[in-house]
Amino acid sequence: MARITHPKRALSTNPLKSSAPLGAAMAYLGIDGAVPLFHGSQGCTAFAMVHLVRHFKEAVPLQTTAMNEVSTILGGADQIEEAIENLRKKSAPKFIGIASTALTETRGEDVPGELKEIIGRRKDFADTRIVYASTPDFSGGLEDGWARAVEAIVDTLLPRVDPVFTGTNPRQVNLLCGAHLTPAEIEELVRIIRAFGLTPIVLPDISQSLDGHVSDNWSGTSLGGTTQPEIETMVESAFTLAIGESMRKSATLIEERAMIPSRVFQSVTGLKPVDAFIRTLMGLSGVQDVPPSIKRDRSRLIDAALDAHFHIGGTKVAIGADPDLLFGLSNCLAGLGAEIVTAVTTTTANPIAERVPAEEVLVGDLGDFERKASETGAAVLITHAHGRHAAARLHLPLLRAGFPIFDRLGAQDICRVGYRGTRAFLYEFANIIQSQHHRARAEDFGAAPVSEEFEHVPSATTH
């Protein structure tokens, strides 16, 4: 068990985490025809919009209730109603996902009660599903906001079933995706599930809406994602597969609501975690043998591990990420002999941080990340794009992972899950190690150090 520590200081100088409302907005964008709505000031929404657009390189339909000084003091119910009405007129969304911000949470506004009153009074809002999640900026990070939004979607849109309900589809499964999964990773998991003859209902499905595609029309809402009829049919699934410890509450909520058994996969990166995922799919599908394509992918991963472990073994690694991503990547690298000397995460809400293969996990920022990486002699840094400054100061390579990645193209196409994704990750990491120039030193061979005066003098040769 890793020791969880909190740096003793009054402020964060170089934040690692993104806000909870931003995480909720990303989850809402995984619903078809959706518009995320921040209940707060315009500034809160502007910062989130910048992050999302820079990461995905796409137009993002993020809106705000635009709270001002008066509404902050007297209450924002009128702002919520006006925002919903305007969105319906301009974009006609099928789904509006509301996320609170620190402004309204600090005031203590009863948004669920206000929404209930508004929806009950405004019958013209009946054809738009409205979901609210409490996501104050001062509590948790992106992963927490995503998880709360998924819980709110399940709680609001999933119908309750009768105890004697017998409409289960044995070939259908629910796939709950954590915030750490990219669109390409969700696509890979869907491909694997379909290879066993199963049909997954993905929630939320950003692989359809934020995968980077050009659409023929722009309606001002998310283009693609999980549809509301699909969400309603989740009660007919035979099983729920939850990817990431942060999805456990949502899986439990579905189990309580529709009596559907579930399993949480804390990681699907690495040979053993993917093997566990495949065994579960074999049991659900009833197949006696794994499809040939999956077998081939596994054998190629084993070969990649054999090739890469010479470079990965013994390498000191510093990782800074949300808990689910931190656990998945660190566990995979540690399995091939890497040493996780620095582990920094964003929140204590997810207990998986205690299982990271490191002596200590700091709940801190990139300042802590840089300091610890320097003290522990890390050879490689793994974090999002804001870690590039630390990498430059420490003269270390940076493997970009997490959110945001705004200084590289194709962040949505990164895949590090499943047999294929793990193989790509091992090659990516090993190639970073190989790309670092190494000059042999006398100390490496047990000889006395060469004086600086003669260090660069070429040796004499005889002919």
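Description of the structure in this document. (Residues numbered from 1 in each chain as written. Predicted model: local features only at pLDDT ≥ 70, side-chain atom pairs only at ≥ 80, totals over all residues. Heavy atoms only, no water.)

Moving on, we get to the pattern of salt bridges. Taken as a whole and judged by the stated rule, the model has 23 salt bridges. Across the pair Glu85 and Lys89 runs a salt bridge whose closest N-O atoms are separated by 3.5 Å. Of this pair, Glu85 and Lys89 both sit in helix H4 (residues 77-90), four residues apart, which is roughly one turn of the helix. Salt bridges sharing partners connect three or more residues here, namely Glu81, Glu85, Lys89, Glu117, Arg121, Arg122 and Asp124. (Salt bridge = Lys/Arg side-chain N within 4 Å of Asp/Glu carboxyl O. Helix = DSSP H or I, 4+ residues; strand = E, 2+ residues; numbered from the N terminus.)

Attention now goes to the packing of helix H7 (residues 142-157) against helix H11 (residues 248-258). In the contact formed by H7 and H11, the axes pass within 9 Å of each other and the chain directions differ by 10°. Here H7 is positioned roughly parallel relative to H11, judged by the angle of their axes. Along its contact with H7, which presents Ala147, Val150, Glu151, Val154 and Asp155, the element H11 presents Lys249, Ser250, Leu253, Ile254 and Arg257. Considering only residue class, the contact of H7 with H11 consists of five nonpolar, one polar and four charged. (Axes fitted to C-alpha atoms, helices over the stretch in contact; angles between N-to-C directions. Parallel < 35°, antiparallel > 145°, perpendicular 65-115°, else oblique. Contact = heavy atoms within 4.5 Å. Nonpolar A, V, L, I, M, F, W, Y, C, P; charged D, E, K, R; others polar.)

What follows concerns the sheet that holds strand E11 (residues 339-345). The strand order across the open sheet built from six strands is E1-E12-E11-E10-E13-E14, with neighbouring strands paired in parallel fashion. The outermost strands of the open sheet, each flanked by one partner alone, are strand E1 (3-5) and strand E14 (398-400). Strand-to-strand twist in this sheet, taken as the mean axis angle between neighbours without regard to direction, amounts to 20°. In the sheet, strand E13 (residues 380-383) pairs with E14 via three bridges, with the strands oriented parallel. Paired with Thr383 across the strands is Arg400, a residue of E14. (Pairing = 2+ DSSP bridges.)

Let us look at the sheet that holds strand E8 (residues 237-243). Strand pairing in a sheet takes place through backbone hydrogen bonds and is either antiparallel or parallel in direction. Ordered in space as E7-E6-E8-E9, the four strands form an open sheet in which the pairing is parallel. Two strands lie at the open edges of the sheet, namely strand E7 (199-203) and strand E9 (262-265), each paired on one side alone. Going across the sheet, the axis of each strand differs from the next one's by a mean of 25°, ignoring polarity. Sheet topology note: the E8/E9 ladder contains four bridges and is parallel. Within the sheet, the bridge partner assigned to Thr240 lies in E9 and is Ser262. Docked against the sheet, helix H12 (residues 271-285) engages strand E6 (169-177), E8 and E9, running at close to 175° with respect to E8.

The next thing to look at is helix H1 (residues 20-28). By the criterion of burial, H1 is predominantly enclosed, with nine of the nine residues buried. Ala20, Pro21, Leu22, Gly23, Ala24, Ala25, Met26, Ala27 and Tyr28 are the residues of H1 that are buried. Buried residues belonging to H1 abut strand E2 (34-39), helix H2 (42-56), strand E4 (95-100), strand E5 (129-133), H7 and helix H9 (206-209). (Buried < 20%, exposed > 50% of the residue type's maximum accessible area, 1.4 Å probe, protein only.)

Running from N to C, helix H13 (residues 292-312) and helix H17 (residues 418-435) cross one another at 20°; their axes reach a closest spacing of 9 Å. The pairing of H13 with H17 is recorded here as roughly parallel in orientation. As for the relative orientation of H13 and H17, their crossing is left-handed in sense. Between H13 and H17, the residues in contact are Ile294, Asp297, Arg298, Arg300, Leu301, Asp303, Ala304, Ala305, Asp307, Ala308, His311 and Ile312 and Tyr419, Arg420, Thr422, Arg423, Leu426, Tyr427, Phe429, Ala430, Ile433 and Gln434, respectively. (Left-handed = near helix turned anticlockwise from the far one by under 90°.)

Let us now look at empty space enclosed by the protein. Where empty space is left can be seen by rolling a probe of water-molecule size over the atoms. Taken as a whole and assessed by the stated rule, the structure comprises one cavity of 30 Å³ or more. For the largest cavity, the calculated volume is near 450 Å³. Residue lining of the largest cavity: 37 residues in total, with Ala179, His180, Leu325, Gly402 and Phe403 positioned closest to the centre. At the level of secondary structure, the elements contributing two or more residues to the lining of the largest cavity comprise H2, H7, helix H8 (183-195) and helix H14 (323-334). Of the residues assigned to the lining of the largest cavity, the class counts are 18 nonpolar, 13 polar and six charged. (1 Å grid on protein atoms, 1.4 Å probe; cavity = no way out; pocket = protein on both sides within 12 Å on 5 of 7 lines; lining within 4 Å. Points joined across faces, edges and corners; volume = space filled by probe spheres on them.)

What follows deals with the layout of surface pockets. For the largest pocket, the calculated volume is near 320 Å³. Lining the largest pocket are 15 residues; nearest its centre among them are Gly270, Leu271, Lys272, Gly335 and Leu336. Looking at the lining of the largest pocket, the elements that each hand over two or more residues are H12, H13, H14 and H17. Broken down by element, the residue count for the lining of the largest pocket peaks at four residues, all from H13.

Going through the model one piece at a time under the given rule, you end up with three aromatic pairs. Here Phe265 and Phe277 contribute two aromatic rings whose centre-to-centre distance is 5.1 Å and whose plane-to-plane angle is 80°, an arrangement assigned as edge-to-face. You can see Phe265 sitting in strand E9 and its partner Phe277 sitting in helix H12, a full 12 residues away along the chain. You can call Phe265 buried: its relative accessible area is 3%. Classification of Phe277 by relative accessible area gives buried; the value is 1%. Positioned above the aromatic ring of Phe406, the side-chain terminus of Arg54 is 4.0 Å from the ring centre. (Phe/Tyr/Trp six-rings, centres within 6.5 Å; stacked < 30°, edge-to-face > 60°. Lys NZ or Arg CZ within 6 Å of the ring centre and 35° of its normal.)

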